[in-house]
Amino acid sequence: ELALKSLGSEGLFLFSSLDTNNDLYLSPEEFKPIAEKLTGVAPISEFEEEETPDPSGETLSVVAKFQPLVMETMTKSKDGFLGISHVALSGLRNWTAPAAPMSVMLARQFKAFLPPKNKLDLGDPWWIIPSELNIFTGYLSNNRFYPPSPKGKEIIIHRLLSMFHPRPFVKTRFAPQGAVACIQAVSTFYYTIAFRIHAEFQLNEPPDFPFWFSPGQFTGHIILSKDSSHVREFKLFVPNNRSLNVDMEWLYGASESSNMEVDIGYLPQMELESTGPSIPSVIHDENGNVIDSRDPSGEPIQFVFEEITWQQEIPWEEAAQKLEVAMYPFKKVSYLPFTQAFEKAKAEKKLVHSILLWGALDDHKPLSASLPMPGSGRTLRETVLESSPILALLNESFISSWSLVKELEELQSNRENEFYSKLADLHLEKYNFPVEMIICLPNGTVIHHINANYFLDITSMKPEDVESSIFSFSTNFEDPSTATYLQFLKEGLQRAKPYLQT
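Residues numbered from 1 in each chain as written. Predicted model: local features only at pLDDT ≥ 70, side-chain atom pairs only at ≥ 80, totals over all residues. Heavy atoms only, no water.

- Where an unreviewed UniProt entry is consulted, the chain appears under the name SELN protein, with the organism given as Haliaeetus albicilla.

## Re the pattern of salt bridges
Okay, step 1: All chains considered together, the criterion is met by 16 salt bridges.
Okay, step 2: We note a salt bridge from Asp124 to Lys119, for which the minimum N-O separation is 3.3 Å.
Okay, step 3: Using a relative accessible area of 23% as the deciding quantity, one classes Asp124 as partly exposed.
Okay, step 4: Taking the shortest distance from any N to any O, the salt bridge between Arg173 and Glu249 comes out at 2.7 Å. With Arg173 in the loop between β4 (168-169) and β5 (178-186) and Glu249 in strand β11 (residues 246-251), this residue pair connects regions lying 76 residues apart in the sequence. (Salt bridge = Lys/Arg side-chain N within 4 Å of Asp/Glu carboxyl O. Buried < 20%, exposed > 50% of the residue type's maximum accessible area, 1.4 Å probe, protein only. Helix = DSSP H or I, 4+ residues; strand = E, 2+ residues; numbered from the N terminus.)

## Side note on the sheet that holds strand β7 (residues 200-202)
What holds strands together in a sheet is hydrogen bonding between their backbones, with the strands either parallel or antiparallel.
Okay, step 1: One open sheet accounts for five strands, arranged β4-β7-β8-β11-β12; its pairing is antiparallel. Only two strands of the sheet have a single partner each, and these edge strands are β4 and β12 (260-265).
Okay, step 2: Relative to β11, strand β8 (residues 211-215) runs antiparallel, the two being bridged by five bridges. Bridge pairing in β11 links Ser214 to Asp247. (Pairing = 2+ DSSP bridges.)

## Describing the nonpolar core
Across soluble globular proteins, nonpolar side chains have a tendency to be buried as a group.
Okay, step 1: Grouped together as the largest cluster of nonpolar side chains are 61 residues, with contacts concentrated most on Ile355, Met437, Tyr485 and Leu489.
Okay, step 2: Residue assignment places this core across two domains, with domain 2 (58-282 + 293-325) and domain 3 (328-501) each supplying three or more.
Okay, step 3: The contact partners of Tyr485, leaving out residues within four places of it in the chain, are His353, Ile355, Val384, Leu385, Ile390, Met437 and Phe455.
Okay, step 4: Core analysis: the next-biggest nonpolar cluster, separate from the first, contains 55 residues, Trp126, Ile129, Ile197 and Val246 among them. (Core = buried A, V, L, I, M, F, W, Y, C linked by side-chain atoms within 4.5 Å. Domains from an automatic or database assignment. Contact = heavy atoms within 4.5 Å.)

## What about helix α8 (residues 388-397)?
Okay, step 1: The set of residues buried in α8 consists of Ile390, Leu391, Leu393, Leu394 and Ser397.
Okay, step 2: Of the surrounding secondary structure, the elements contacted by the buried residues of α8 are β18 (335-336), β19 (351-357), β20 (398-404) and α12 (480-501).

## Some words on the packing of aromatic side chains
In this description, an aromatic ring pair is defined by two values, namely the gap between the centres and the angle between the planes.
Okay, step 1: For the structure on display, the rule yields 20 aromatic pairs.
Okay, step 2: Aromatic rings pair up to connect Phe66, Trp95, Phe164, Phe201, Phe213 and Phe218 into one cluster.
Okay, step 3: Directly above the aromatic system of Phe81 lies the positively charged group of Arg93, at a separation of 5.2 Å from the ring centroid.
Okay, step 4: Here the basic side chain of Arg242 rests over the ring of Trp402, its NZ or CZ set 3.9 Å away from the ring centre. (Phe/Tyr/Trp six-rings, centres within 6.5 Å; stacked < 30°, edge-to-face > 60°. Lys NZ or Arg CZ within 6 Å of the ring centre and 35° of its normal.)

## Section: the environment of Met327
Okay, step 1: Position of Met327 relative to the elements: it lies in helix α5 (residues 316-327).
Okay, step 2: Judged by relative accessible area, which is 5%, Met327 ranks as buried.
Okay, step 3: Among residues more than four places away in sequence, those in contact with Met327 are Trp127, Pro176, Gln177, Gly178, Ala179, Val180, Arg196 and His198.

## Side note on the sheet that holds strand β21 (residues 435-440)
Okay, step 1: Pairing is mixed in the open sheet, where five strands are placed in the order β18-β20-β19-β21-β22. The open sheet has two edge strands with one neighbour each: β18 and β22 (446-451).
Okay, step 2: Inspection of the sheet shows β18 paired to β20 by two bridges, in the parallel sense. Its bridge partner being in β20, Leu336 is matched across the sheet by Ser401.
Okay, step 3: Sitting on the sheet, helix α11 (residues 452-459) touches β21 and β22, and the angle it makes with β22 is about 65 degrees.
Okay, step 4: The strands touched by α12 within the sheet are β19, β20, β21 and β22, with β22 carrying the most contacts at an inclination of about 165 degrees. (Axes fitted to C-alpha atoms, helices over the stretch in contact; angles between N-to-C directions.)

## Regarding helix α6 (residues 338-348)
Okay, step 1: All of the buried residues along α6 are Phe338, Ala341, Phe342 and Ala345. Seen from one end, α6 has its buried residues packed into an arc of 95 degrees, which puts them on one side.
Okay, step 2: Elements that come into contact with the buried residues of α6 comprise β18, β19, β20, α9 (405-413), α10 (418-430) and β21.
Okay, step 3: Note on α6: the residue one or two positions beyond its end, Lys349, has a positive phi of about 55 degrees. (Arc of directions from axis to C-beta.)

## What about the confidence of the model for the chain?
Okay, step 1: Looking at the chain as a whole, its pLDDT mean stands at 84, while 80% of the residues score no less than 70.
Okay, step 2: Between residues 43-50, whose pLDDT stays under 50, and residues either more than four places distant or in other chains, the model counts 11 contacts.
Okay, step 3: The low-confidence segment residues 365-375, where pLDDT is below 50, has 45 contacts with residues more than four positions distant or belonging to other chains. (pLDDT = per-residue confidence, 0-100.)

## Let's talk about the side chain of Thr59
Okay, step 1: Along the chain, the position of Thr59 falls in strand β1 (residues 58-67).
Okay, step 2: Contact partners of Thr59, with chain neighbours within four places excluded, come to Val104, Met105, Leu106, Ala107, Ser278, Ile279 and Ser281.

## Quick word on the side chain of Thr192
Okay, step 1: Mapped onto the elements of the fold, Thr192 is located in strand β6 (residues 190-198).
Okay, step 2: Accessibility expressed as a relative area gives 7% for Thr192, which makes it buried.

In structure tokens:
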């Protein structure tokens, strides 16, 4: 109360965003973002590296490519952003180019991507930055403007993402956080490492309220020597193959419980790529003498790099799928694209288990997860869809798929393929915001469906309070969510028997 009286609500909001341990005292570390802002000088972090790279080692040039969010893809654009203040979206509208179009880094800084000694099999994932959140720990505060100082392996990822925007948060507010990697290819001296990173950006600064910009994921690969002295190739990017790939949230008041707006949109391009292999920063002749990096005519010396012969490798798709399962255990079941799922279901005479969402199911923080209601893709994927009995039944008896409402609306209006249009139509007919779980025949006929909000409502009730005609709880499982979802799937199978037997 005294703090509120001294600072006012907006002043206290800013103070709280810096006071990370909530002790009503700003330590030098907590005050650092403001000091950097006022002085324009960022001190060298004490965490720069556990081992300081040799400054005479090789350097890698990295370029950033960025096309801003397409504002018309935001849901709020349909009514002309009615009721949304221009200030709230200012950080988003002003972000039209990368913060650093090019950066030169030391090759050895990429050592963070090397595998630990017990993860040398192809496709065996490990955590570069472990996720510290789960369904039980909840999520981190929305009321923050400045990222904490990165430590250890976070440093190189923070530095790379800072090329896009000056305020990247290497650890996201929602699970799964972090960065995961696996070996995609191996040779005598080199690895190709595939990786996936979940990170987000804070686009606003005081006195505006926070605006969180959360790409679905960053993925990519690096080819580097086993001693990390040389990087042959590096690429990091936000996938742009779906119609929506960014989640946005912004606060409207000076407290954690203030109203929050949410939306989704499409980002055409956000990528980093090396301009070529890393090269020595100092060149020596055969006698060990330092020589000029340019030839007598003034042209840079051209380096010739040996061809890498890979002894073992797996396809990129397989490596990406391994990383996805590491982030999301529910992906032990394959979730096929919508139309492909129905084709496979027809061929295998199985039912389609379909999840229809406003925001994505397998991006790091689906939009529906941030809504002030219990029904969400995040809750589903972190509970019932990860449970062993559900995984087993889905693998045995169903073909699974998840889709965005926007994608099915586009499919519905595409009259070039009447069958696909009808499939989308049957799905959208049953959809209720934010998430609908649907069981249907290979011809698209819906035989069972349940809304995520309703599902979570009834699984939070005591068994005796639930009408037995809705769902019956199984005593074989302690978790009512798993028992109820299992019942939902089994009832779908039961209802489908007459159709599947013909």
